[in-house]
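Commentary on secondary and tertiary structure
These are the residues of each chain, in order.
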Amino acid sequence: MSTLPLSGSSASAGLVTDVIEFSVVDGPGNRFVVFLQGCNFDCLACHNPYTIKECIDCGICLDVCTTGALTMVADRVVWTESLCTGTDACIAACPYDSTPKARPQAVADVMARIRRASGFLSGVTVSGGEATQQAGFVHALFSAVKAEFPRLTCFVDSNGAADVAVWDGLDDVMDAAMIDLKCLDDALHVQLTGKSNREVLSSIELLAKRGKLYEVRLLLMAGLNDSDELLAQTGRWLAGIDPTMRIKVIGYRAHGVRPSALPLVEPTAAQREHYADVLRAEAPFDLLVI
Amino acid sequence: MNSRAIGYDQKVRRLAALADGVLPYPALSTDAREALDARIICDMFEGDRPFTPRYVLPDYAKALRQGVKYLELEAPCDLDDALSFLTILYSQVPSVTTYPVYLGDLDSLLEPYVPAELSDEQLDAKLRRWWIQLDRLLPDAFVHANIGPHDGRVVRSIFRVERSLRQVVPNLTLKVSPETPDDLIEDAVRTVFVTGKPHFVNHPMMVADHGAEYAVVSCYNSLKTRGGAHSLVRLNLKRAVERHPGGLDSFCDDSLPHWVELTAELGEARIRALVEDAGFFESNFLSTEGLIEQERFSLMFGIFGLAECVNELMVHEGHVDARYGHDSRANAAAHRIVARISELVKQRPLPYCGGGDGFAYLHSQSGIDLDLDTTAGTRIPIGDEPGMLEHIEVVAPIHELFPAGISDIFHVEETVQRNPRAMVDVIRGALAAGMRDFTFNLDSNEFIRITGYLVRKSDLIGVEEHGARHSSDYLAATAEINHTVTTRAIKRVIAAELSPIG
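Numbers given to residues run from 1 along each chain, matching the order in which its sequence is written. Chain labels run from A onward and ligand labels from 1 onward, assigned in the order the entries are written. Given that the model is predicted, a residue must reach a pLDDT of at least 70 before its local features are reported, and side-chain atom pairs must reach 80 or more before they are shown or counted; all residues, however, enter totals for whole chains, interfaces and linings.

**Examining the overall build of chain A**
The numbering of helices and of strands both runs from the N terminus, where a helix is a DSSP run of H or I of at least 4 residues and a strand a run of E of at least 2. Assigned secondary structure in chain A consists of eight helices and eleven strands. Between the two quantities, the radius of gyration covers C-alpha atoms and the globule rule is 2.2 Å times the number of residues to the power 0.38. Radius of gyration (C-alpha) of chain A: 19 Å, near the 19 Å computed for a compact globule of 290 residues. Principal-axis analysis of the C-alpha atoms gives chain A an extent of 60 × 45 × 35 Å. Each of the 290 residues in chain A was classed as buried or not, and the buried ones make up 44%. Distance between backbone-placed C-beta atoms decides contact: two residues are in contact if it is within 7 Å. Intrachain contacts of chain A at a sequence separation of at least 6 include 70% that bridge at least 24 residues. The burial criterion counts other C-beta atoms lying within 10 Å of a residue's C-beta, which is placed from the backbone; the residue is buried at 20 or more, exposed at 12 or fewer, and partly exposed between these limits.

Listed below in structure tokens is the structure:
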């Protein structure tokens, strides 16, 4: 496997932001979701920007923690979950888009929590951050899930910016992926995310060809990446891959987003319906607008 | 008599209840009388002189096969006749609310009358007409029908009709077994999103307790069909612990045996009055024509207020912050108390309780409108529930101890409507974890569960000024305030059928 894991992540341990035992919005059925810390994009519209970077142990967050849940031990910030009251003041104070709560967790630790919820699940989804940045850990986790619970499906929720070697490496244990397409226009994509969309487009084509593309998500911001022309072009490109593709159109919502140089505007319900009309004019997609 | 907010029918029923209230109460010991007056034990305000069993579950399949002589009804031959037959029979099924609490396992009852040439549209139209009749003739949310565990044309039609009509009546329970197709459960989930119905029950667990002939009636009471429950008496664990200065050990060893005995005495007095004095089973046509059998009845022994009881005992034990639902010591105490009550109930023989092999059935009683500050049954207080997985892990182990019914309500976010399959996963998991009976409240739903029965939010607005067509809405209007189910302010309304008169 060619991907280099982030520090704190290896095949047997990942840098985990958090887990959710029951999620109804991260793929088919009820799913256990693992959020991995660290992302290779820096999106203006990121809803959980504290998952983007790794903690640098600066200790700024210690000043705002009133319960003693955060301490400095041997130059490292240590979070004690049992003392935490969950105000997230630490996350609000972090100037580096990180969180002191993300911690290395072994596959066995995550598996213990999955085991407890397993009877209630359709599967496991790894999200982020960017899941493929810790592909070695994802592979190890999915292998463990498949070995113990063959019934459960394993999904990756990704920004798509991963090379073919990552998808090759995950192929034997990953049932499907959900890919965000922030923008088909590359110049605008760079503005929105800080990176080119070249790998994203390749990932969508590759996964669709392998039958492993569960859905493509389009996050649309009013007046920014939602022009009829761009949307129709996106629809045509996706239809060329699979005209019945499952597409989730997500109207941008400001919740959790950092202040931005570009104006980020929430589309109205009418605008969201219009997006659906524009896309439906291109192909009979399995379309969901939220 | 002069109220503008109560309809004719409702006035007649209240006057009857008043008349019942002037008759002498069955003889009780001084201790039982004192406990009843202090509402530590409770008779559910069924009336002072029992003349009908509380829950009657006629064998409707047998009635359809053999006809009913008393009602001069012959066995029906087609669907229209069967629906008419059942409607007439329902009008003659007694209960303490005056409305039948059980309408039958409707899919298995009606499936034989659905010919292949009848289209789904035609079937829907017939059932839709009938469904409207039931809601208007039997306006009470405790009127309950069962469906499942097998797939069929009738159960699918019932779900379609339910979603199109959005009625309170009838309440619905889907029996679920491992063989029930996922697709049928998913159809039920889609119905929950629209109407808050059905409940989901653990079919294998019920069959193990009651045999194949069982049903869920009224407010999730599970009983034998062709049988029922003479009465429901209940023990208020919150009040019981208020008279107990000691800790958990002495509560289980000394207090519980005392209160369980007094509750059983109250039940026995009511059973004897019903069976021996009123002679119900000697005279009622359901009994004389074999549609119910006295030997398949028992007493329901209800408990409620477990949460407050446990939390108070934890204080007595010096664990001030240990709360039921959140602390392992509190959860262990809850399980111990319930297990102890179950043991005591199984050691206290009762007459005419062949349905329970001579003993009462334990029931986690979901409460009535008067239960101020006391949590329904064995539930975790509303608003204090932990995450769903932990919630299920805490409550599931006690479900098996309640053959006559227990129910928990899970609150789910409306986003789940886009992913009903997720609910199927949770239902399968909950049943496998040993849950007996549960349902879901969707945050955005027009229908809400109050303690266990269902009301439409819009029906609660202005109940006092304008009255309500469903008598259960009166209960809901007060229960909603008392249980802080929502924050909407409703003026207090007395529910005559289950509350004290006057």
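**Thoughts on the overall build of chain B**
Across its full length, chain B carries 20 helices and 15 strands. Taken across its 502 residues, chain B has 51% of its residues classed as buried. Sequence separation of at least 24 residues holds for 79% of the intrachain contacts in chain B that already meet a minimum separation of 6.

**Section: the sheet that holds strand β5 (residues 171-176) of chain B**
All names here are of chain B. Read across the sheet, six strands follow the order β3-β4-β5-β6-β13-β12 without closing on themselves; strand pairing throughout is mixed. The open sheet is flanked by β3 (102-105) and β12 (408-412), the only strands paired with a single partner. For this sheet, the mean angle separating the axes of adjacent strands, direction not counted, is 25 degrees. Pairing between two strands is assigned when DSSP locates at least 2 bridges connecting them. Here β5 runs beside strand β6 (residues 199-202); their pairing, made up of four bridges, is parallel. Looking at the pairing, Lys175 lines up with Val201 of β6. Note on method: axes are straight lines fitted to C-alpha atoms, helices fitted across the in-contact stretch only, with angles between N-to-C directions ranging 0 to 180 degrees.

**With respect to the pairing of strand β2 (residues 31-36) of chain A**
Residues and elements named next belong to chain A. Within β2, six of the six residues are buried, which leaves it mostly tucked inside the rest of the structure. Two strands pair when backbone bridges link them, and strand β1 (residues 13-23) and β2 are joined in this way by five bridges, in the antiparallel orientation. Note on β2: the bridge partner recorded for Val16 is Leu36.

**Looking at the environment of Ser119 of chain B**
Examined against the element boundaries, Ser119 of chain B turns out to sit in the loop between α5 (106-110) and α6 (120-137). Residues Ser119 of chain B and Arg153 of chain B, 34 residues apart in the sequence, show an inter-C-alpha distance of 10.0 Å.

**Some thoughts on the interface of chain A and chain B**
In this assembly, 13 residues from chain A lie in contact with 14 residues from chain B. Under the scheme applied here, ten amino acids are nonpolar (Ala, Val, Leu, Ile, Met, Phe, Trp, Tyr, Cys and Pro), four are charged (Asp, Glu, Lys and Arg), and all others, including Gly, are polar. Broken down by class, the residue content of the side of chain A that touches chain B amounts to eight nonpolar, four polar and one charged.

**Quick word on unusual backbone geometry**
Cis rather than trans, the peptide bond between Val169 of chain B and Pro170 of chain B has omega equal to -5 degrees. Although it is not a glycine, Ala74 of chain A adopts a positive phi angle of roughly 50 degrees. Tracing the backbone shows Ala74 of chain A in the loop between β3 (70-73) and β4 (76-79). Backbone geometry places Arg226 of chain B, a non-glycine residue, at a positive phi of 60 degrees. Structurally, the position occupied by Arg226 of chain B is in the loop between β8 (221-224) and β9 (227-236). Overall, the presence of 21 C-beta atoms within 10 Å leaves Arg226 of chain B in the buried class.

**Considerations on helix α17 (residues 420-432) of chain B**
Residue and element names in this part refer to chain B. In this model, α17 (13 residues) spans 19 Å end to end at C-alpha, consistent with the 18 Å of a helix rising 1.5 Å per residue. Judged by how many residues are buried, α17 sits mostly within the fold: ten of 13 residues are covered. Buried residues of α17: Ala422, Met423, Val424, Asp425, Val426, Ile427, Arg428, Gly429, Ala430 and Leu431, and no others. Buried residues along α17 sit against β5, α8 (182-195), β6, α16 (388-399) and β13 (437-442). Gly434, located one to two residues past α17, shows a positive phi value of around 100 degrees. The span expected for a helix works out to 1.5 Å for each residue beyond the first.

**Description of the pairing of β4 of chain A**
The pairing of β3 of chain A with β4 of chain A spans four bridges and is classified as antiparallel. Bridge pairing links Met72 of chain A to Val77 of chain A in β4 of chain A.

**Some points on the confidence of the model for chain A**
One confidence number per residue, pLDDT, is output by the predictor and ranges from 0 to 100. Here chain A shows a mean pLDDT of 93. Residues at 70 or above account for 97%. When the criterion is pLDDT under 50, residues 1-8 of chain A qualifies, and its contacts beyond four places in sequence or with other chains add up to 22 contacts.

**Here's the deal with the domain arrangement of chain A**
Domain extents, as shown, originate in an automatic or database domain assignment. By the assigned domains, chain A splits into domain 1 (13-52 + 103-289) and domain 2 (60-93). For domain 1 of chain A versus domain 2 of chain A, the distance between C-alpha centres works out to 30 Å.

**Some points on the confidence of the model for chain B**
Residues and elements named next belong to chain B. Taken residue by residue, chain B gives an average pLDDT of 88. The fraction at 70 or more is 87%. Contacts for the low-pLDDT stretch residues 478-502, under 50 throughout, to residues beyond four places or in other chains number 55 contacts. Among the scores for the predicted complex, ipTM is 0.89 and pTM is 0.88.

**Structural notes on the packing of helix α7 (residues 153-165) of chain B against α8 of chain B**
Residues and elements named next belong to chain B. At their nearest, the axes of α7 and α8 sit 9 Å apart, and the two run at 20 degrees to each other. Between α7 and α8, the interaxial angle falls into the category roughly parallel. Here α7 and α8 pass one another in a crossing that is left-handed. Where α7 approaches α8, its residues Val155, Arg156, Phe159, Glu162 and Arg163 are matched on the opposing element by Leu184, Asp187, Ala188, Thr191, Val194 and Thr195. Looking at the contact of α7 with α8, its residues break down into five nonpolar, two polar and four charged. Angular relationships are summarised with four words: roughly parallel below 35 degrees, roughly antiparallel beyond 145, roughly perpendicular across 65 to 115, and oblique for the angles in between. Take the far helix as your reference; a near helix turned counterclockwise from it by less than a right angle gives a left-handed crossing, and one turned clockwise gives a right-handed crossing.

**Focus on the sheet that holds β2 of chain A**
All names here are of chain A. Across the sheet, nine strands lie side by side as β5-β1-β2-β6-β7-β8-β9-β10-β11; this open sheet has mixed pairing. Bordering the open sheet on either side are β5 (103-106) and β11 (286-289), each of which pairs with just one other strand. On average, each strand axis in the sheet is tilted by 25 degrees relative to the strand beside it, whichever way the strands run. In the sheet, strand β10 (residues 246-251) pairs with β11 via four bridges, with the strands oriented parallel. By the bridge assignment, Ile247 is partnered in β11 with Leu287.

**Focus: helix α15 (residues 328-345) of chain B**
All names here are of chain B. Look at α15: 26 Å from first C-alpha to last across 18 residues, which is about the 26 Å you get at 1.5 Å a residue. Taken as a whole, α15 has its buried residues at Ala330, Asn331, Ala333, Ala334, Ile337, Val338, Ile341, Leu344 and Val345. Buried residues of α15, seen end-on, are gathered within an arc of 160 degrees and therefore sit on one face of the element. The secondary structure elements touched by the buried residues of α15 are α11 (248-277), β10 (297-304), α14 (306-316), β11 (361-364) and α16. Taking the helix axis as origin, the arc is that swept by the directions to the C-beta atoms.

**A closer look at the environment of Ser122 of chain A**
Examined against the element boundaries, Ser122 of chain A turns out to sit in the loop between α2 (107-117) and β6 (123-128). Classification of Ser122 of chain A as buried rests on a count of 21 C-beta atoms within 10 Å. Taking C-alpha positions, Ser122 of chain A is 5.5 Å from Asn30 of chain A, a pair spaced 92 residues apart along the chain. Once you skip the residues sitting within four places of it in the chain, Ser122 of chain A turns out to touch Pro28, Gly29, Asn30, Arg31 and Thr153 of chain A together with Arg421 and Asp425 of chain B.

**Describing the packing of α14 of chain B against α15 of chain B**
All names here are of chain B. Close contact between α14 and α15 brings their axes to 10 Å; oriented N to C, the two are set at 120 degrees. By the angle class used here, α14 and α15 are oblique. Crossing angle aside, the handedness with which α14 passes α15 is right-handed. Across the interface between the two elements, Leu306, Cys309, Val310, Asn311, Leu313 and Met314 from α14 touch Arg329, Ala330, Ala333, Ala334, Ile337 and Val338 from α15.

**Side note on the environment of Val416 of chain B**
Looking at the element boundaries, Val416 of chain B is found in the loop between β12 and α17. Each C-alpha atom of the pair Val416 of chain B and Phe193 of chain B lies 9.0 Å from the other, and the pair is 223 residues apart in sequence. Those residues in contact with Val416 of chain B, other than ones at most four positions away along the chain, are Val24 of chain A together with Ala422 and Met423 of chain B.

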